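Remarks on the overall topology
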Amino acid sequence: MALLKFDPDKCNLCGVCINKCPFGALSMETEGIDVNEKCRMCGVCVKACPEGAIRFEQKAGSVDKSKWNDILVYGEQTDGKIHPVVLELIGEARKLAKVNNYKVNVVMTGSKGTKENAEELLEYGVSNVYVYEHEGFTGFKADCYADAVADCIASIKPSVVLIGATPLGRSLAPRLATRFHTGLTADCTKLEMKENTDLVQIRPAFGGNIMAQILISDSRPQFATVRYKVMDTAGKVDDPDGRVIMCNVTDDLVKSRIRVSEIEKILKNKSIEEEDVLVVAGRGVKSEKDVEMVRELAELLGGQLAFTRPMVEAGFGDTAHQIGLSGRTVKPKLIITVGVSGAIQFTACMNSAECIVAINNDPEAQIFGVAHYCIVDDLYKVIPELIENIKKGGRV
């Protein structure tokens, strides 16, 4: 699997490459020099070798897939609490695991309190939770977190590694995939497991116009980041029999090349993925003034205004509030679409909402195919009446 190759006819085992490696990725073994998961492919050893015995081989070799088993979920924490995406990943992992009788394991990195959070996850049917707890993991340091998770992966050899497509996950996952010289599919919206242990990773491509099916057929592990609010949350099991395994944290694991000079907490606005109520403005909303009218309805309902992709491209909103395959996936309790036609790229990312109300003057609009309540009327009549009724304390 390693891309670093040694020419046995030239290598005299002098050990220069081992001493020069800044990441401790090389070691002298009985069969010669071994390359571990810490290799960053920086090329220092290639340049340092006095015999010219080291080279990069651009194509990763295949592995014995029978030695890589089970599914590993990264247990992300936010402000000392388990991120909700973790329970979604566990729920999906349990479904995938049934195909090949795999176990579902979790790895967690963090400071004090991580073990207690790990114990909570046992109720959701995971077999093992590997915990790397140390004060050195306070705050997200990409290099330290990657070192710890890579240590776990190298030890247990999972076939699949699932990570939430959060800002932290999007930073961590590519680092890990690079270390193991394997593939990574980002922002998956659907996963399927084949009997030969290949994971079918499905995600939008070409601006959401197609759904690509991606497989990593030769290398292991198979890395995928999964969007939040896409998968169903795992349910608790009746008789949990998993265990928490405290992993050894060495000084090297918490030795970061990142130096934190100052920490300033940024007030986080609630994302549309976290909202219980959303009102979506589509192309039927014609002007900035009309957008503000729809925004007023959203705020009166205690929710947020969201947009379709055409509205964002027209400059009415930003991508943080865009729903669709090229935007965000949401699962609110109530979503009201206003002037939205209902293209598949949009509906695929909101059709799991508990209650969908669609307002459109076109009775043939696609959005009515997924809506629970359909209002075929002019939005410029319906919205003002809704706003007026809410202000008066009447029913919506």
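Our structure's up above, just so we're on the same page.
Residues numbered from 1 in each chain as written. Predicted model: local features only at pLDDT ≥ 70, side-chain atom pairs only at ≥ 80, totals over all residues. Heavy atoms only, no water.

1. Thoughts on the pairing of strand β10 (residues 160–164)
Going by this rule: Accessibility here uses a 1.4 Å probe with only protein chains present; expressed as a share of the type maximum, an area under 20% marks a residue as buried, one over 50% as exposed, and anything in between as partly exposed. Strands are runs of DSSP state E lasting at least two residues, helices are runs of H or I lasting at least four, and both sets are numbered from the N terminus onward. The pairing criterion for strands is at least two bridges between them, as found by DSSP.
Counted residue by residue, β10 has five buried out of five residues, so it is predominantly covered. Here strand β5 (residues 71–74) runs beside β10; their pairing, made up of three bridges, is parallel. Each bridged residue has a counterpart across the sheet, and for Ile 71 the counterpart in β10 is Val 160.

2. Looking at helix α3 (residues 84–100)
Most of α3 is tucked away, with 12 of its 17 residues classed as buried. Every buried residue of α3 is listed here: Val 85, Val 86, Leu 87, Glu 88, Leu 89, Ile 90, Gly 91, Glu 92, Ala 93, Leu 96, Ala 97 and Asn 100. Of the residues trailing α3, Asn 101 is marked for its positive phi of about 55°.

3. Brief notes about the environment of Asn 100
Applicable threshold: Between two residues, a contact is recorded if the distance between any of their heavy atoms is within 4.5 Å.
Mapping Asn 100 onto the fold places it in helix α3. On a C-alpha basis, the gap between Asn 100 and Glu 273 in space is 32 Å, while along the polypeptide they are 173 residues apart. Setting aside anything within four residues of it in sequence, one finds Asn 100 in contact with Met 193, Lys 194, Glu 195 and Thr 197.

4. So, the environment of Ser 127
Take Ser 127: it is sitting in the loop between α4 (114–121) and β9 (128–133). On the basis of relative accessible area, Ser 127 is assigned to the partly exposed category, the value being 22%. Setting aside residues no more than four positions away along its own chain, Ser 127 makes contact with Lys 103, Val 104, Asn 105, Gly 242 and Arg 243.

5. A closer look at unusual backbone geometry
Backbone phi values are negative for most residues with the exception of glycine, while trans is the configuration of most peptide bonds. Of note, the amide linkage connecting Arg 220 to Pro 221 takes the cis form, showing an omega dihedral of 0°. Along the chain, Pro 221 turns up in the loop between β14 (210–214) and β15 (222–226). Its identity as a non-glycine residue notwithstanding, Asp 79 has a phi of 55°, on the positive side. Mapped onto the secondary structure, Asp 79 falls in the loop between β6 (77–78) and β7 (81–82). In this model, Thr 197 sits at a positive phi of 75°, which is unusual for a non-glycine residue. Assignment of secondary structure puts Thr 197 in the loop between β12 (190–193) and β13 (199–205).

6. Overview of the packing of aromatic side chains
Quick note on the threshold: In this analysis, rings of Phe, Tyr and Trp, with Trp reduced to its six-membered ring, are considered paired at centre separations within 6.5 Å, and the interplanar angle assigns stacked below 30 degrees, edge-to-face beyond 60, and tilted for intermediate values. Geometrically, a charge over a ring is one whose NZ (Lys) or CZ (Arg) sits within 6 Å of the ring centre while staying within 35 degrees of the ring normal.
Taken as a whole and assessed by the stated rule, the structure comprises three aromatic pairs. Ring geometry for Phe 137 against Tyr 145: centres 5.8 Å apart, planes inclined by 90°, an arrangement best described as edge-to-face. Note on accessibility: Phe 137 and Tyr 145 belong to one class, buried. Through a chain of ring-to-ring contacts, three or more aromatic side chains come together here, namely Phe 137, Phe 140 and Tyr 145. The ring of Trp 68 is capped by Lys 157, whose NZ or CZ atom sits 5.3 Å from the centre of that ring.

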